[in-house]
Amino acid sequence: MMKNWMVAVGVVLAFMQVPASLAAGNAFLGKEKSESCADCHGVDGNSGEAIFPKLAGQGEAYLLKQLRDFKSGARPSDFMASIAAELTDQDMADMSAYYAANTSTPGAVSESLLEAGKQVYQAGNKKSGVPACMACHGPNGYGFPAAKWPALSGQNIYYVELQLQAFADGKRKNDPNGMMQDIAARLSKDELKAVSAYVSGLH
């Protein structure tokens, strides 16, 4: 419900007032440490594979949280868990700093999905209780780094679809107070596909 979503946002904003435990990342060291990640995520974090996310330009705190969640199991992934298990917290901080310092390459959205995706992203769907995506991810999709809300601008379309579906199915649960699970579960299949395409074209 919209009320629950607003409560969740309020809780997250409240947490923002408390300094989070964030190791100081060294982007120079992170570049070297991330060399083995290039096959999936690209040398600079711009993955050319639709199934993998672009990491370039993503919020540093968000990236660090995801790596920690993979390591702890809060975000299930056998593949990423095995990689994160070998990383120290400093390794993860350095790699997050490196990818955050890079620039994401632009994506594109097809004309057939542009208007439908724009509607969901900018206005949501009042009937089904879906809030506007830009309320948390920004009008240009740059996210809200202080709240660890990710950037979506230019992200690989298929990857976004997979993550929204994972939230909707309850397979991914590392979102604050189940906020994304609740929102994604309210999206129709057409809305999910359209908004995934739309964010790829944001810049």
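J.: Sorry, what's going on with the packing of aromatic side chains here?
T.: Aromatic ring pairs: the centre-centre distance and the angle between the two ring planes describe each pair. Summed over the entire model, instances satisfying the criterion amount to 3 aromatic pairs. Arranged with centres 5.3 Å apart and planes meeting at 50 degrees, the rings of Tyr98 and Tyr99 form a pair that is tilted. Look at Phe144 and Trp149: their rings are 5.6 Å apart centre to centre, the planes differ by 70 degrees, and that puts the pair in the edge-to-face class. Using a relative accessible area of 7% as the deciding quantity, one classes Trp149 as buried.

J.: Got a minute to help me understand the packing of helix H7 (residues 111-123) against helix H11 (residues 189-200) in this structure?
T.: Each pair of packed helices can be summarised by the angle the axes make with each other and by the distance between the axes. One way to put it is that H7 packs onto H11 with a least axis distance of 7 Å and a crossing angle of 90 degrees. Classified by the interaxial angle, the pair formed by H7 and H11 is roughly perpendicular. Contact with H7, carried on its side by Leu113, Leu114, Ala116, Gly117, Lys118, Val120, Tyr121 and Gln122, involves Glu191, Lys193, Ala194, Val195, Ala197, Tyr198 and Val199 of H11 and no other residues of that element. Within the contact of H7 with H11, the residues separate by chemical class into 10 nonpolar, 2 polar and 3 charged.

Reading the values: the criteria
- Residues numbered from 1 in each chain as written.
- Predicted model: local features only at pLDDT ≥ 70, side-chain atom pairs only at ≥ 80, totals over all residues.
- Heavy atoms only, no water.
- Phe/Tyr/Trp six-rings, centres within 6.5 Å; stacked < 30°, edge-to-face > 60°.
- Buried < 20%, exposed > 50% of the residue type's maximum accessible area, 1.4 Å probe, protein only.
- Axes fitted to C-alpha atoms, helices over the stretch in contact; angles between N-to-C directions.
- Helix = DSSP H or I, 4+ residues; strand = E, 2+ residues; numbered from the N terminus.
- Parallel < 35°, antiparallel > 145°, perpendicular 65-115°, else oblique.
- Contact = heavy atoms within 4.5 Å.
- Nonpolar A, V, L, I, M, F, W, Y, C, P; charged D, E, K, R; others polar.

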